[in-house]
Amino acid sequence: MKILTTIKKVVDVELNINVENGTIVEDGLQYVMNAWDENAVEAAVQLKENNKAETTLVSIGGGEDVTKIIRKGFAMGIENAIQIDDASLAGADSSVYAKVLQKVAEKGDYDLIITGKQAQDTDNGQTGIMLAENLGIPCVSNVVAIEPIDDQTIKVSRLGDAGTEIVEMTLPGVVTVSDSINEPRLPQMRSIMMAKKKKIAVMDLGALGTSFDEVGGNAKKSEIVEFMKSESRQAGQKFEGDPAEITAQVVNLLSSEAKVF
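Worth saying up front: this structure is predicted, and the values here are computed from it rather than measured.

Draft legend 1. Spatial organisation of the overall build of the chain. Along the chain, the regular secondary structure elements total six helices and 13 strands. The principal-axis extent of the C-alpha atoms belonging to the chain is close to 70 × 45 × 40 Å. The buried share of the chain, taken over its 261 residues, is 41%. Accessible surface, the chain: about 15100 Å² in total, of which carbon and sulfur atoms supply 47%. Charge-centre separation for the chain: the mean point of 26 positive side chains lies 6 Å from the mean point of 40 negative side chains.

Structure follows, in structure tokens:
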């Protein structure tokens, strides 16, 4: 089984993010691998370890930050990596990314494509599903378990509206994984050092056999027009003393100020 896993560079949302004039302040930002993509990498590595799968990851973007997250994928156990580095893709949306990844998938003839359910910077959750549509292959989203049945079929569990759903998928196919599927491993020092020596196949759109127009660069479906600061909350009230008196006080406030009653 040949597996392709997609990973994305995102802002580390654990740190403070400042917004000014509708844009994110770049100074002091740090970038990491998207959290759901870490689960996708872990799922691919487990399939490699338990079912002798061949693993490749792909990331779109240039710069040292992208190289760093690719090498983290190596350290976690991924064997091969592709970096699509083309300046024209700087403002791409999910539809453009999906078409670029379509070209990567077609070039590699993969059996299974594993993506994170969504990205923690936009929370769109669209790219993996559009990729499957572009390729004309089945897709199961929000997956929490993957079990190979044979070379042509896998059984996946997904979180649905009414509970866990079990689906048999004929390969090739795409799955987008939930963060509930696994706990991504922490790479060991030896793996980190070995990852620094591994080769990354860097390609632009021309090397991929396509162009900016062909991947829809001039016909994006969506665009981020503005970032807004989160509304600050007022500090809450703390009540101490006799429970009966506190209850009466809280009920009075809910009625007179909060207008709940």
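Past the structure itself, the notes keep going.
Draft legend 2. Structural context of the nonpolar core. Core analysis: the largest hydrophobic core is formed by 33 residues, its most contacted members being Ile114, Ile146 and Val175. When residues of this core are traced back to their parent elements, those giving at least two are β1 (2–7), α1 (35–51), α2 (64–76), β8 (112–116), β9 (139–150), β10 (153–160) and β12 (173–177). If we ignore the near neighbours within four places in the chain, the residues touching valine 175 are Leu112, Ile113, Ile114, Thr115, Val140, Val143, Ile146, Ile154, Val156 and Met169. Core analysis: the next-biggest nonpolar cluster, separate from the first, contains 22 residues, Leu89, Leu101, Ala132 and Val215 among them.

Draft legend 3. Summary view of helix α6 (residues 243–256). For α6, which comprises 14 residues, the first-to-last C-alpha distance of 20 Å matches the rise-based estimate of 20 Å (1.5 Å per residue) to within 8%. The N-terminus of α6 is capped by aspartate 242, whose side-chain oxygen sits 3.1 Å from the backbone nitrogen of alanine 244.

Draft legend 4. Spatial organisation of the packing of helix α3 (residues 94–108) against helix α4 (residues 127–135). At a closest axis distance of 8 Å, the pairing of α3 and α4 adopts a crossing angle of 50°. Considered as vectors, α3 and α4 are oriented oblique to each other. Note on packing geometry: the crossing formed by α3 with α4 is right-handed. On the side of α3, the interface is formed by Ser94, Ser95, Tyr97, Ala98, Lys99, Leu101, Gln102, Ala105 and Glu106, while α4 contributes Thr127, Met130, Leu131, Asn134 and Leu135. Grouping the amino acids of the contact of α3 with α4 by side-chain chemistry returns seven nonpolar, five polar and two charged.

So, how was this worked out
Residues numbered from 1 in each chain as written. Predicted model: local features only at pLDDT ≥ 70, side-chain atom pairs only at ≥ 80, totals over all residues. Heavy atoms only, no water. Helix = DSSP H or I, 4+ residues; strand = E, 2+ residues; numbered from the N terminus. Buried < 20%, exposed > 50% of the residue type's maximum accessible area, 1.4 Å probe, protein only. Areas by Shrake-Rupley, 256 points an atom, 1.4 Å probe, with all protein chains shown as cover. Lys, Arg positive; Asp, Glu negative; His and termini not counted. Charge placed at Lys NZ, Arg CZ, Asp CG, Glu CD. Core = buried A, V, L, I, M, F, W, Y, C linked by side-chain atoms within 4.5 Å. Contact = heavy atoms within 4.5 Å. Expected span 1.5 Å × (residues − 1). Polar contact = N/O pair within 3.5 Å; in protein donor to acceptor, adjacent residues only side chain to side chain. Axes fitted to C-alpha atoms, helices over the stretch in contact; angles between N-to-C directions. Parallel < 35°, antiparallel > 145°, perpendicular 65-115°, else oblique. Left-handed = near helix turned anticlockwise from the far one by under 90°. Nonpolar A, V, L, I, M, F, W, Y, C, P; charged D, E, K, R; others polar.

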